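# Coordinate analysis (summary)
Each chain, written out:
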Amino acid sequence: MNSEYNVSRYLVSRLHEIGIKHIFGVPGDYVLDFLDEVVAGPIQWVGNCNELNAGYAADGYARINGAGAAVVTYGVGGLSILNAVAGAFAEQVPLIVISGAPASHRRESGVMVHHLISNYYMQLDIYKKITIDAAILTDPNTAPDEIDRVLRNCIARKLPVYLELPADIALSSCRKPGELFYDEPVTSNEDSLKECILEVAEKINKASNPVILAGVELLRFGLGRETLKLVETSEVPFVTMLNSKSILPELHPQFAGIYRGAWSHESVRRQVEDSDCLLSLGVWITDLDTGMFSTNLDNRRMITVGGGKVSIGSHYYQQIQLDDFIRELTSIIQPRNYLASHPSVSFQSKKPFVPEQSCILSAPRLYECVDFYLDDNMILLAEPGDAFCAAPEFHIEEADNFIVQSYYCSIGLCTPAALGVALACPEKRPFVLTGDGAFQMTAQEVSTLIRERCPAIILVINNDGYLIERVLHEDGPYNDIQMWNYSRLSDLFDGGDFVIGIKANTEEELEHAMKIAAKEKNKLVIIEACIINRDYSAGLQRLGDTLKPKK
Ligand SMILES: Cc1ncc(C[n+]2csc(CCOP(=O)(O)OP(=O)(O)O)c2C)c(N)n1
Ligand SMILES: [Mg+2]
């Protein structure tokens, strides 16, 4: 046993080793010894306004960095962060939660202590349902192995994990960290892979209008570059979905658009559904990503890769990993000729935004303006609401410049997630496109963006309440919210010169605001865009048409 190491220091060292440079959270007495080790070590502590926000910030951090971590105290903290962990579990985001806990002798005696729900194992039991691995560190001799196993599972499976650290164990000495062994990656069966690739390559080579459908798992498993190589070697046109938007650059000549069943542009839908060979890579079939399951795909003309297998029409090959499949296919696929390789109708390029004089701002014009001012150095985060209904139309030129939670859809994620994005990727600027309702959920985190000097752009779509709910259902008083003075939020948070707040009611005012945001690269800019007519995007119109009960 090396007395220089205790369980907290061991954990900090491992977190740093797997790439964690910032850790988010809220303190509490059960976790203070651990936090002392954090602040004494190489990881930067980032205190949040509440635990849910810490979880969202760590989620944003993890989506960019490959892993993110949040620290909370027992019960009150551990339960407050749960919605963020559930979202990370649903969306496959590698989020590590560390919770302090009462000392072991308290647990063993079962006495009533502050923050306890009723049973000392209840928090662990809850976490077991929404993480890939969860452990209470009850013994300093076994804690290092448990920490290593839990972190390995987080990284390998890209899913959240949970570590509970009783207050007395935090400073107990333990062995020093040895080499961190990662599990061997799950490999493909070589014979199966070889046979499968020959069949797939032949099918694609013979097809007259093949298409690649690039799904969200490519994003989660960091396979964007490999996929781009496949796309460029094969010269096959490609489409993405809302949850995989910008996994490949959108101004690429082979990009046809975003596919989402009946909600796609007609040209995209025809390109995909009329294809005689659709290669679907790591796609999740969720309601909002498929236009409420309105895809019309013929299995006999599809090759589907994901979940460790490849289905070709009605037969399949097992034990084939997505990364092996892409790499091997790239090595033998024949390039197509230029004309055959290009989408029948390619994604339209950006339109310049020219404001109409004294014209009240409408939602479609707001989105045209945002699209025009988005640039390669920005990472767009779009909230559920009209923002993410409009997002498929944006042109994201660089890969990986877009974040959306389009499956779990928890409103309020994006403002705190922008903090995580800004710290994980300081060379880029987060651009939060949020509804007023979503913003009100977690707006306190603007205060941490200020404290950490993160020069984000936050554009609040002020359409006076929960517009998406008004559109999807008959309206009711439950969709109303308190009107805030969003552009003056900085006064409350004492943002001083670092924050610029601008309110835009007209097209000219919005253009002016976006120009200032683009110019003031080192400032936090909050733009309140007022949509006084409560109009909305064509995307939300389509969603409403699908969901509203037919008369
Ligand atoms: C945490 C959470 N609570 C509630 C919901 C249900 N919900 C979905 S969208 C929405 C309203 C969004 O309003 P706003 O952010 O103003 O966007 P708008 O539709 O007005 O553009 C609500 C309450 C949710 N998705 N997540
Ligand atoms: Mg709204």
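Shown above is the structure to which this text applies.
Figured I'd write up the structure that's included with this text.

How each quantity is defined
Residues numbered from 1 in each chain as written. Chains lettered and ligands numbered in written order. Predicted model: local features only at pLDDT ≥ 70, side-chain atom pairs only at ≥ 80, totals over all residues. Heavy atoms only, no water. Helix = DSSP H or I, 4+ residues; strand = E, 2+ residues; numbered from the N terminus. Rg over C-alpha atoms; globule rule 2.2 N^0.38 Å. Buried < 20%, exposed > 50% of the residue type's maximum accessible area, 1.4 Å probe, protein only. Contact = heavy atoms within 4.5 Å. Donors = N, O, S within 2.8 Å, 3.2 Å for Na, K, Ca; no water. Near = heavy atom within 4 Å. Polar contact = N/O pair within 3.5 Å; in protein donor to acceptor, adjacent residues only side chain to side chain. Areas by Shrake-Rupley, 256 points an atom, 1.4 Å probe, with all protein chains shown as cover. Nonpolar A, V, L, I, M, F, W, Y, C, P; charged D, E, K, R; others polar. Salt bridge = Lys/Arg side-chain N within 4 Å of Asp/Glu carboxyl O. Pairing = 2+ DSSP bridges. Axes fitted to C-alpha atoms, helices over the stretch in contact; angles between N-to-C directions. Parallel < 35°, antiparallel > 145°, perpendicular 65-115°, else oblique. Left-handed = near helix turned anticlockwise from the far one by under 90°.

## Here we look at the overall build of the chain
Within the chain, the secondary structure is distributed over 23 helices and 19 strands. A globule of 551 residues ought to have a C-alpha radius of gyration of about 24 Å, and the chain, at 25 Å, matches this closely. Its C-alpha atoms give the chain principal-axis dimensions of roughly 70 × 65 × 50 Å. The proportion of buried residues among the 551 residues of the chain is 59%. Considering only contacts in the chain between residues 6 or more positions apart, those separated by 24 or more positions represent 78%.

## Concerning the coordination of the magnesium ion (ligand 2)
Distances from the magnesium ion (ligand 2) to its protein donors, Asp 436 (OD), Asn 463 (OD1) and Gly 465 (O), fall at 2.0 to 2.1 Å. Between consecutive donors of the magnesium ion (ligand 2), the numbers of intervening residues give the motif D-x26-N-x1-G. For Asn 463, a relative accessible area of 5% puts it in the buried group. Of the residues examined, Gly 465 reaches a relative accessible area of 4% and is grouped as buried.

## Some details on the site of ligand 1
Taken together, 16 residues surround ligand 1, and among them Cys 409, Asp 436, Gly 437, Ala 438 and Ile 468 come closest. At 2.8 Å, a backbone N or O of Cys 409 approaches a nitrogen atom of ligand 1. Between ligand 1 and the protein, one listed contact pairs an oxygen atom with a backbone N or O atom of Ala 438 at 2.7 Å. Out of a free accessible area of 590 Å², ligand 1 has 78% covered by protein chains. Listing elements by their share of the shell around ligand 1, those giving two or more residues are α18 (436-442) and α20 (467-472). Among the elements that line the shell around ligand 1, the one with the most residues is α18, at four residues. A breakdown of the residues in the shell around ligand 1 according to their chemical character gives seven nonpolar, six polar and three charged.

## Considerations on the side chain of Asn 53
Mapped onto the elements, Asn 53 comes out in helix α3 (residues 51-65). By relative accessible area, Asn 53 is classed as buried at 0%. In terms of polar contacts, Asn 53 uses its side chain to reach the side chain of Glu 445, at 2.6 Å. Ignoring anything within four residues of it in the chain, the contact list for Asn 53 reads Asn 48, Pro 416, Thr 442, Gln 444 and Glu 445.

## Things to note about the pattern of salt bridges
Per the counting criterion, the structure on display carries 26 salt bridges. Among the salt bridges present, the one from Arg 365 reaches Glu 507, with a minimum N-O distance of 2.9 Å. Of the two residues, Arg 365 sits in helix α15 (residues 363-373) while Glu 507 sits in helix α22 (residues 507-519), which places them 142 residues apart along the sequence. Accessibility assignment for this pair places Arg 365 and Glu 507 in one class, buried. For Arg 470, the salt bridge is made with Asp 475, and the minimal N-O distance between the two is 3.0 Å. The partly exposed category is assigned to Asp 475, whose relative accessible area is 42%. The network of salt bridges with shared partners includes Asp 59, Arg 63, Glu 91 and Arg 220.

## A look at the sheet that holds strand β13 (residues 315-317)
The seven strands lie next to each other as β9-β8-β7-β10-β11-β12-β13, forming an open sheet whose pairing is mixed. Edge positions in the sheet fall to β9 (255-258) and β13, since each has one partner strand and no second. The average angle at which neighbouring strand axes cross in this sheet is 20 degrees, direction not considered. Where strand β7 (residues 210-214) lies against strand β8 (residues 238-240), three bridges are found, and the strand directions are parallel. From the neighbouring strand, Leu 213 faces β8, where its bridge partner is Val 239. In this fold helix α9 (residues 190-206) packs onto β7, β10 (277-281), β11 (302-306), β12 (309-312) and β13, with an angle of close to 130 degrees to the strand it touches most, β13.

## A word on the packing of helix α1 (residues 7-17) against helix α8 (residues 143-157)
Helices that pack against each other are described as a pair by the angle of their axes relative to one another and the distance between those axes. Viewed as axis vectors pointing N to C, α1 and α8 meet at an angle of 25 degrees, and their least axial separation amounts to 10 Å. By the angle between their axes, α1 is roughly parallel relative to α8. Between α1 and α8 lies a crossing of right-handed hand. Where α1 abuts α8, its residues Val 7, Tyr 10, Leu 11, Arg 14 and Leu 15 lie against Ala 143, Pro 144, Ile 147, Asp 148 and Leu 151. Partitioning the contact of α1 with α8 into residue classes produces eight nonpolar, no polar and two charged.

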